[in-house]
Number of protein chains: 2
Amino acid sequence: MGLVSANDDHQLLSKIATNDGHGENCAYFDGWKAYDNDPFHPIENRNGVIQMGLSENQLSFDLIEDWIRKNPNASICTTEGANAFKDIANFQDYHGLPEFRNAVAKFMGRVRGGRVSFDPNRIVMSGGATGANELLMFCLANPGDAFLIPTPYYPAYDRDLRWRTGVQLLPIICKSSNNFKITIEALEEAYNKAAEANIKVKGLIISNPSNPLGTILDMETLKSLVTFINKRNIHLVCNEIYSSTIFKPPSFISISEIIQHLECNSDLIHIVYSLSKDMGFPGFRVGIVYSYNDAVVNCGRKMSSFGLVSSQTQHLLALMLSDDDFVGRFLRESSKRIGNRHKHFTMGLEEVEIGCLPGNAGLFCWMDLRSLLKEPTFEDEMALWHVIIKEVKLNVSPGSSFHCVEPGWFRVCFANMDDATVEVALRRIQTFVTRTKKGEALLKYKPWQKKLQLSFSSQTYDDGLMSPHMLSPHSSIPHSPLL
Amino acid sequence: MGLVSANDDHQLLSKIATNDGHGENCAYFDGWKAYDNDPFHPIENRNGVIQMGLSENQLSFDLIEDWIRKNPNASICTTEGANAFKDIANFQDYHGLPEFRNAVAKFMGRVRGGRVSFDPNRIVMSGGATGANELLMFCLANPGDAFLIPTPYYPAYDRDLRWRTGVQLLPIICKSSNNFKITIEALEEAYNKAAEANIKVKGLIISNPSNPLGTILDMETLKSLVTFINKRNIHLVCNEIYSSTIFKPPSFISISEIIQHLECNSDLIHIVYSLSKDMGFPGFRVGIVYSYNDAVVNCGRKMSSFGLVSSQTQHLLALMLSDDDFVGRFLRESSKRIGNRHKHFTMGLEEVEIGCLPGNAGLFCWMDLRSLLKEPTFEDEMALWHVIIKEVKLNVSPGSSFHCVEPGWFRVCFANMDDATVEVALRRIQTFVTRTKKGEALLKYKPWQKKLQLSFSSQTYDDGLMSPHMLSPHSSIPHSPLL
């Protein structure tokens, strides 16, 4: 079994299977291995690596479990709900359960403060945001076509958007000098550069709120982006999977609100949504494409056959998300808890004069460690990252893996652990920073070491589905009570 | 919204979105509409259309519901199981829950009579067999490459295997003269024809048991196929999703048994499996790729990110499928019930001298209505089909939609309804056949009528995921007690 050599593989298998377009084979995963090999445990392994590379929302599960216990009828696996088992297990319509589509549409409106409503008939299911992203590319672009994307951006976009579709991603360069805001100048530059290279630009992809920045786009920027894509007749794909993680003003503005008030061809506008972040259900694989383009809805629905949501899960969520009282309570409380955690964590960093990009959303901070670099180079960023993983024992994600053009930024996730673990992580960072500034800490790990090599095109996949062992639900790590 | 013209679509959207590779836009769906517009109901609409185009296993749900009630710990939505909710909902590893992989591997061995065992580490998840089929094509072939496939074959293969991958399907012609068996001569002919046309053949796809034939492949045929692909160093993809629907001898022989005893490069062997037919859970979207090729397992696992099984569903099935007593009882009883239904249905057809291809598997018969055709043409097959849908009011599937090369064969599903409905369907067929043979029935519907046109390249999608309204679990059709 499996005795083929690499050469044989190239003949036997497809180009997709044998190229490295997926990006997982990069050295970055040595960082994950460091965590997998030595995971932190508050009692059994207090010196283990703490996972801060995982954008996961674990802060409000008590509310959900409470609802589950009070609503046995929502499940087809309870005495109260088992009568529905047959019909649900048999249900195989790619439109989805009507009550699921209705509930998701309603929830999406709720998350956007009720300022906009969504048509259940435009809700297209897919296998997580991963599947939703790919589905849209298959609908909108031919192999070789390009989408523009502001940097820094979610590393697994390289897999989701490019790997099997053959679509190119062209960066729009954003910089710290204006807090990484997208400027029309940078957008025009990227667009013109593509035109000069004879690359057909089919659209622009934005994440709002941004992963990894934790910021949201303001009204003015959103309007200028819509005007831009409308003028050039290219698509705008808006990833809004973090839309209910906003924890302080200003309010989130969805693209759906903008196009209510701005003249534009709504056939160009598409939203990617998911319940992985807002509800904390990445395992349930609920991805949504909401398109204002009828042809995309129709074609996307046919494509959704490749990644439908389990009818068991649709049934449960249909009831959960249409419980108005619960949804209201959950959204308020979840936002409050994320905000408290963010505040606590960033204040802890401030004690040692480490700043983060000001943000009001997401499950992470965009941490500024430029002051710890000897030189502002990616070599030094890697060297620092190796120390953080190997010595400080925190698995944070370096900016280069997000295609950031400035070295020294790191994404640090804070919502995938309990209070006690956050304290340990904070103490480790504080100690490390203090010692480094005193010149005590040694950057022992040289960049480009064979064993911990990281290429600039490497990708993290921390937001989903990659690590072989780290996320076992049978992990022995107990969780202390949450905020 | 959606105001683009077809021309605009072609500029704005991808070729995949604007070609008809998906195949749903064929006239065949008028047949589905006939059902949707006028569904049979035993009390409220006794003259409605009976759905016999849906290969669904509804015969043994009482056993499953009984197990569900007795095993509340298997669900994360019961008082007994809710403590696991957080860990399961958060679980996002594309390897799947270890206990899920173990249970599926064990179940696959059980279904094959314990004569072969499966390695849990080769179990790759995907979104149903639909996703599994596509995933394998993405791994094995480049756009333009071809797979050989015996006719008649599952209509939605055109979607699953070709649409987004660009892979071609080249038919191996099978005929009624030898009960549609695959001959090496036909296989060689298809292979050589491709070679002459300079098409690169990457493999052979077989369905065993066959959909739509309801037959299984014998040892000799399987060996000759393995020898063929091994000699040419091309892949063999075996769709075994009906492997536990065998209801009478001879026993099912899996490709996994063949390669235990036959010298071949197992890197070329890949199995597609699912729980949609064997367990009757199409809504749960459990697709499995089991490959003996390490590179395909590794690449396929990365691709599975686009169509993972909901962790909620994985958790439930892990416990259900690892319950040895239950699985044994279910497999025995399910097989018995399918066999009883098959016997009852085919004997009913025999009363009016309508035969079916002899078979011992599947949830359908391959019904021979050649004697009812005026001329052995596809025009007459269509004319007959229109009468069956419009006048007899049975939604059966014409052979041409399965790429059958001989007119007059129809696939008729019998396991997606209760006993009483089967009786109504049988009486309708009997009456129709008797009157037709007496010359009483009128073939009112002319072929190629605008409203009910069917092209020969049309596809049914009855085995999953297509019809907008037909499968609502809230359908008002009550089910009478099952066998």
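Residues numbered from 1 in each chain as written. Chains lettered and ligands numbered in written order. Predicted model: local features only at pLDDT ≥ 70, side-chain atom pairs only at ≥ 80, totals over all residues. Heavy atoms only, no water.

- As annotated in an unreviewed UniProt entry, chain A carries the name 1-aminocyclopropane-1-carboxylate synthase and is attributed to Camellia lanceoleosa.

## A word on the overall build of chain A
Here is step 1: Secondary structure assignment for chain A yields 16 helices and 13 strands.
Here is step 2: Put simply, chain A has 483 residues, and 66% of those count as buried.
Here is step 3: Sequence-distant contacts, at least 24 apart, represent 78% of the contacts inside chain A between residues at least 6 apart.
Here is step 4: Per element, the accessible surface of chain A, about 16,900 Å² overall, is 50% carbon and sulfur. (Helix = DSSP H or I, 4+ residues; strand = E, 2+ residues; numbered from the N terminus. Buried < 20%, exposed > 50% of the residue type's maximum accessible area, 1.4 Å probe, protein only. Contact = heavy atoms within 4.5 Å. Areas by Shrake-Rupley, 256 points an atom, 1.4 Å probe, with all protein chains shown as cover.)

## Remarks on the packing of helix H15 (residues 378–392) of chain A against helix H16 (residues 419–437) of chain A
Relative orientation and spacing of two packed helices are given, respectively, by the angle between their axes and the distance between those axes.
Residue and element names in this part refer to chain A.
Here is step 1: Between H15 and H16, whose axes approach to 11 Å, the crossing angle comes to 125°. Viewed along their axes, H15 and H16 adopt a mutual orientation that is oblique. Helix-helix and strand crossings are classified by hand; for H15 and H16 the assignment is right-handed. Taking contact as the criterion, the partners of Leu384, Val387, Ile388 and Val392 in H15 are, on H16, Arg428, Ile429 and Phe432.
Here is step 2: Taken together, the residues that form the contact of H15 with H16 break down as six nonpolar, no polar and one charged. (Axes fitted to C-alpha atoms, helices over the stretch in contact; angles between N-to-C directions. Parallel < 35°, antiparallel > 145°, perpendicular 65-115°, else oblique. Left-handed = near helix turned anticlockwise from the far one by under 90°. Nonpolar A, V, L, I, M, F, W, Y, C, P; charged D, E, K, R; others polar.)

## A closer look at the environment of Leu187(B)
Residues and elements named next belong to chain B.
Here is step 1: Following the sequence through the fold, Leu187 ends up in helix H9 (residues 184–196).
Here is step 2: Overall, Leu187 belongs to the buried group, its relative accessible area being 0%.
Here is step 3: Sequence-wise, Leu187 and Met347 are 160 residues apart; in three dimensions their C-alpha atoms are separated by 34 Å.
Here is step 4: Discounting residues that sit within four places of it in the chain, Leu187 has contacts with Leu148, Ile172, Leu204, Leu225 and Phe228.

## Some remarks on the sheet that holds strand E7 (residues 269–274) of chain B
All names here are of chain B.
Here is step 1: Sheet architecture is open: seven strands sit in the order E2-E8-E7-E6-E5-E3-E4, paired in mixed fashion. At either end of the open sheet lies a strand with only one pairing partner, and these are strand E2 (123–127) and strand E4 (168–172). Direction aside, neighbouring strands of the sheet carry axes that sit 25° apart on average.
Here is step 2: Relative to E4, strand E3 (residues 146–150) runs parallel, the two being bridged by five bridges. Counterpart to Ala146 in the pairing with E4 is Gln168. (Pairing = 2+ DSSP bridges.)

## Brief notes about the sheet that holds strand E12 (residues 397–398) of chain A
All names here are of chain A.
Here is step 1: Sheet architecture is open: four strands sit in the order E9-E10-E13-E12, paired in antiparallel fashion. On the outer flanks of this sheet lie strand E9 (355–356) and E12, each paired with one strand and no other.
Here is step 2: Summarising the sheet, E12 and strand E13 (residues 409–413) pair through two bridges and their orientation is antiparallel. Counted as the bridge partner of Pro398 is Phe410 from E13.
Here is step 3: Taken strand by strand, helix H14 (residues 324–350) contacts E9, strand E10 (364–368) and E13, and its axis lies near 15° from that of E10.
Here is step 4: Along the sheet face, H15 touches E12 and E13 and points at about 30° away from the line of E13.

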